[in-house]
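Chain by chain, the residues run as shown.
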Amino acid sequence: MKKSRKIAMASFALSCIAFTNVQAQDGIKKQPTFGIKGGMNFSTLFSDNDANEENMLTGFNAGLFAKFPISERVAIQPEVYYTTKGSKLTYDGLVDGESKFKLNYIEVPVLAVINITDHFNVHAGPYAAYMVSGKVSNDSNIGSSSFDLDTNDFKRFEAGIAAGVGVDLEVLSFGVRYNYGLTKVGKERSFGGTTVTLPDAKNGTINAYVGFALN
């Protein structure tokens, strides 16, 4: 956990330093913005672009952001935050219940923000994430159970693309974003001479957030 935090914070700090230098070289007068952000996630696991909305798991995200203007209408926005991902499965029959597969990451996106108007923007860019923990829980009409996942059984690092829209006010900002995973969650394993990836799926997350500027 401490290692992942150090990696995420180092990436965030380097992004901030780099874009501050760009701003200084270009002579842009508008000051960068720093703040906190958080909100809700609606996540699922998909394979071959087949995402099932019925399996969406509700979670949360919370962290820090910085916004560096590089022109009148364009800015670069690095972020670092804790985010939940995963999926759920509802079943019925002899036993009725719901299973939740939860994965927790520290995520660092670097976004290009295009201000369409003074208050409305579109943004997109790559992200990298590091899995810090995971859990499976099951609740049914015959009982409940849960256990922690061994993160070493999964790919700890994830990469993907994020894109969304946002509304910027004086202090508050609001937005909705989709994070599309490019790397599979599971590791390759061999069973009886056959190599398979378990779980053979990628993360897909709808991220709704509120940001609060600190300066």
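Notes on the structure in this doc start here.

Each value, and the rule that gives it
Residues numbered from 1 in each chain as written. Predicted model: local features only at pLDDT ≥ 70, side-chain atom pairs only at ≥ 80, totals over all residues. Heavy atoms only, no water. Core = buried A, V, L, I, M, F, W, Y, C linked by side-chain atoms within 4.5 Å. Buried < 20%, exposed > 50% of the residue type's maximum accessible area, 1.4 Å probe, protein only. Helix = DSSP H or I, 4+ residues; strand = E, 2+ residues; numbered from the N terminus. Contact = heavy atoms within 4.5 Å. Phe/Tyr/Trp six-rings, centres within 6.5 Å; stacked < 30°, edge-to-face > 60°. Lys NZ or Arg CZ within 6 Å of the ring centre and 35° of its normal. Salt bridge = Lys/Arg side-chain N within 4 Å of Asp/Glu carboxyl O. Pairing = 2+ DSSP bridges.

Grouped together as the largest cluster of nonpolar side chains are 14 residues, with contacts concentrated most on Phe101, Leu103, Tyr105, Met131, Leu149, Phe154 and Val185. Where this core is concerned, the elements lending two or more residues are strand 4 (97–115) and strand 5 (120–140). Setting aside residues up to four positions removed in sequence, Val185 forms contacts with Leu45, Leu103, Tyr105, Met131, Phe154, Lys155, Pro199, Ala201, Lys202 and Asn203. Core analysis: the second largest hydrophobic core is formed by five residues, Val80, Ile106, Val108 and Val132 among them.

Turning next to the side chain of Thr151. As for its placement among the helices and strands, Thr151 is situated in the loop between strand 6 (143–148) and strand 7 (157–168). Sequence-distant contacts of Thr151, that is, excluding residues within four places in its chain, are made with Met131, Val132, Ser133, Gly134 and Arg156.

With that out of the way, let us pick up the packing of aromatic side chains. Across all of its chains, the model carries five aromatic pairs by this definition. Taking the centre distance of 5.8 Å and the plane angle of 85 degrees together, the rings of Phe34 and Phe68 count as edge-to-face. Of this pair, Phe34 sits in strand 1 (residues 33–46) while Phe68 sits in strand 2 (residues 57–69), and the two are 34 residues apart along the sequence. Considering the side-chain rings of Tyr130 and Phe157, the 4.8 Å spacing of their centres and the 65 degrees angle between planes classify their relative orientation as edge-to-face. In this pair, Tyr130 sits in strand 5 while Phe157 sits in strand 7, placing the two residues 27 residues apart along the sequence. A cation over an aromatic ring shows up here: Lys37 above the ring of Tyr209, its NZ or CZ 4.3 Å from the ring centre. Taking NZ or CZ as reference, Lys85 lies 5.0 Å from the ring centre of Tyr105, over its face.

A separate point is the pattern of salt bridges. For the structure on display, the rule yields nine salt bridges. Here Glu107 ties to Lys85 by a salt bridge, and the two come within 2.7 Å at their closest N and O atoms. Taken together, the residues span a long stretch of sequence, with Glu107 in strand 4 and Lys85 in strand 3 (residues 74–91) at a distance of 22 residues. The buried category is assigned to Glu107, whose relative accessible area is 0%.

Bringing the pairing of strand 1 into the picture now. Pairing between strand 1 and strand 2: 11 bridges, direction antiparallel. Pairing of Ile36 across the sheet is with Leu64, part of strand 2. As paired elements, strand 1 and strand 11 (residues 202–213) share 12 bridges and run antiparallel to each other. Note on strand 11: the bridge partner recorded for Asn41 is Asn207.

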